[in-house]
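Survey of secondary and tertiary structure
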Amino acid sequence: MIERWALISGLKGDLDTYELIQKDLKKTPGNITLFVLGDMIGPSKNCNALLKRLINPKSNELRPQCIYGWWEEQLLAETGYRGNQRAEALRINKGEEVVKSLLSSVDESFLNWLASLQFGFVELDCGLMHGSSRDVGDDLTSETPPLTLLDRLTRLQVNRLFTARSTKQFHLQLKKGIIDSEVCDLRGNRKQEQKVPQKAVIGIGAGKNYTLYDVGTDNTQFVQAGYKSEKIIKGF
Amino acid sequence: MKQAVISCLHANLPAVEAVLKDIELQGITNITCLGDLVGYGPQPNEVIELIRDKRISTCQGCWDEDVVDGLDACDCSYPSQLAEKRGHIAHQWTTDQLTKENKDFLAKLPYSIRKDKCLFVHGSPNSQHEYLLPDMDAFAALERVETARAETLFCGHTHQPYIRELANGSIAVKVKNADSKDIQEKEMDLPMRRIVNAGSVGEPRHGGTKATYVVYDENTNEVKIREVEYDVELTCKAIIKAGLPQIFAWRLRNGFEFAEQAEDASHVCER
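Presented here is a report on the structure given in the accompanying data block.

1. Concerning the interface of chain B and chain A
Listed as interface residues are 34 residues of chain B and, on the opposing side, 35 residues of chain A. Going through the elements one at a time, helix H6 (138-147), strand E7 (162-177) and strand E8 (183-190) of chain B are the ones with two or more residues in the side of chain B that touches chain A. Take the side of chain B that touches chain A: its biggest share by element is 16 residues, from E7(B). Direction of pairing for strand E7 (residues 169-185) of chain A relative to E7(B): antiparallel, over a ladder of 14 bridges. Bridging from a neighbouring strand, Phe170(A) pairs with Asn177(B) of E7(B).

2. Structural notes on the pairing of strand E9 (residues 199-204) of chain A
The side chains of a regular strand alternate between the sheet's two faces. Residues and elements named next belong to chain A. Of all six residues that make up E9, six are buried, and the element is covered over most of its length. A two-sided burial pattern is seen for E9, the buried positions comprising Lys 199, Val 201 and Gly 203 on one face and Ala 200, Ile 202 and Ile 204 on the other. Here four bridges tie strand E6 (residues 160-163) to E9, and the two strands are oriented parallel to one another. By the bridge assignment, Arg 160 is partnered in E9 with Ala 200. As paired elements, E7 and E9 share six bridges and run antiparallel to each other. Bridging from a neighbouring strand, His 171 pairs with Ile 202 of E9.

3. A word on the packing of helix H3 (residues 70-78) of chain A against helix H5 (residues 96-105) of chain A
Helix-helix packing is characterised by the crossing angle of the two axes and by the distance between the axes. Residue and element names in this part refer to chain A. Running from amino to carboxyl end, H3 crosses H5 at an angle of 90°, the nearest separation of the two axes being 10 Å. Relative to H5, the element H3 lies roughly perpendicular. Counted together, Trp 71, Gln 74, Leu 75 and Glu 78 of H3 and Val 99, Leu 102 and Leu 103 of H5 form the full contact between these two elements. Partitioned by chemical class, the residues of the contact of H3 with H5 number five nonpolar, one polar and one charged.

4. Things to note about the sheet that holds strand E1 (residues 2-6) of chain B
For sheets, the rule is that strands pair by backbone hydrogen bonds, running either parallel or antiparallel. Taken in spatial order, the five strands line up as E3-E2-E1-E10-E11 (chain B) in an open sheet, and their pairing is mixed. One side of each edge strand has no neighbouring strand; the edge strands of this open sheet are strand E3 (57-58) and strand E11 (222-228) of chain B.

5. Overview of the packing of helix H7 (residues 146-156) of chain A against H6(B)
Between H7(A) and H6(B), the least distance of the axes is 9 Å, while the angle of their chain directions is 125°. Considered as vectors, H7(A) and H6(B) are oriented oblique to each other. For the pair H7(A) and H6(B), the crossing hand works out as left-handed. For the pair H7(A) and H6(B), the contacting residues are Leu147(A), Thr148(A), Leu150(A), Asp151(A) and Thr154(A) in the first and Phe139(B), Ala140(B), Leu142(B), Glu143(B) and Glu146(B) in the second. Its residues placed into classes, the contact of H7(A) with H6(B) shows five nonpolar, two polar and three charged.

6. A look at H7(A)
All names here are of chain A. The element H7 is extensively covered by neighbouring structure, given that nine of its 11 residues are classed as buried. For H7, the complete set of buried residues consists of Pro 146, Leu 147, Leu 149, Leu 150, Asp 151, Arg 152, Leu 153, Arg 155 and Leu 156. Among the residues trailing H7, Gln 157 stands out with phi positive, at a value near 55°.

7. So, the nonpolar core
With 128 residues, the main nonpolar core has Leu7(A), Leu37(A), Val5(B) and Ile6(B) as its most contacted residues. If one sorts the elements of this core by residue count, helix H1 (residues 13-25) of chain B sits on top with six residues. Among residues more than four places away in sequence, those in contact with Leu7(A) are Phe35(A), Leu37(A), Leu128(A), Phe162(A), Ile204(A), Tyr210(A), Thr211(A) and Tyr213(A).

Reading the values: rules and limits
- Residues numbered from 1 in each chain as written.
- Chains lettered and ligands numbered in written order.
- Predicted model: local features only at pLDDT ≥ 70, side-chain atom pairs only at ≥ 80, totals over all residues.
- Contact = placed C-beta atoms within 7 Å.
- Helix = DSSP H or I, 4+ residues; strand = E, 2+ residues; numbered from the N terminus.
- Pairing = 2+ DSSP bridges.
- Buried ≥ 20, exposed ≤ 12 C-beta atoms within 10 Å, placed from the backbone.
- Axes fitted to C-alpha atoms, helices over the stretch in contact; angles between N-to-C directions.
- Parallel < 35°, antiparallel > 145°, perpendicular 65-115°, else oblique.
- Nonpolar A, V, L, I, M, F, W, Y, C, P; charged D, E, K, R; others polar.
- Left-handed = near helix turned anticlockwise from the far one by under 90°.
- Core = buried A, V, L, I, M, F, W, Y, C linked by C-beta atoms within 7 Å.

What follows is the structure, given as structure tokens:
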């Protein structure tokens, strides 16, 4: 049977969208693993119903594997789960009112579960992160310099990096590249030519926009919940 | 105009004095220090005071940071638990020895110093604890220099002096955005950049006993690695007398500094 990953993020408390995605996935052929790459919570909606559902899925639903995202990080920082840190990034970018809204949108009974979530997953040769291994807020897009993207892949020692922070859906393949390196030290000189390995960074989208990844063929599909999927992008 | 770049002095006063003398003999007055004034060695106060007296432009090293803020390095800082234990003994000894005035001096050191197109840091632009080893992934090395918006990055921390030139680079990408039907193909040239590691004055790890530093000629853009002999025995005796781990003296005397070398050259510190 085809093995597929469904990668979703940025639900921000939207249980209706989550149910729509679950409905979609029931119709999607293959053996599907559901990954939720963070931002399950947000300041605009009460998130308790969604969190409850993620923790206790219905018997006929896919059980999600979740990591924390930028919004969870802000909440955990503000509620003392990150030592002396507070939600300063949120405070600076969105203001005190949004910090208060975030605190009121998640019942404190969910904090321990949120704090228990991992930073990311490494499955096969793929990294599944909210931002990147450098930072949960690392906003990678198709416009990010390739050198930066290559660095994020190298840090994690993976060939594919699935990222959610930008909310964009994109597939960027590092096709080819080369660099000359010459080192001079007390042992003498040595030259080396290094080539860019064939790697890719995939933006999985947010909310209704999610991504299907076919593990066997390396194909990526961008999907909007409730609609037909985009054309399959061949793996490289 | 020439300038000297020194790093990783590690409280080794005879080595620091010998290197400063060597710099003076060349008529160089512009000196930049990349930190780690303390740690391992027996004369932390004396070395700090010498650097302060000479008003040498200095950025903060990982030891300088840890002595002020407490130990918080990631696993990459030591190659073994034994080495880590020794490091912690030296950390505690140094913390106990330093005067308040000298601790305040270390606390106020900047993370980096920028001079025109050159950036001076201890480890990397990301962290004082990150090793930029001479054979690390070339693209990752270039990313460190480019992200820091420098043409030449001067660093230390590895205790191995080297000059690395990264040139003739290019990357081609193929991009598909979900909101567009087009597949874009782009190829871009990468800039030529250089990393210069000043090695270590007080605790060399190049397989020999000589202190190392580098001289940068701004006119010719050339960098030369300098090796300087100093009275190693004097430092070794002071290490033993201070009650620091004797292995620190043994390594200096024999040039066996590989004992403290980071094991994984490809490691990219995420601290």
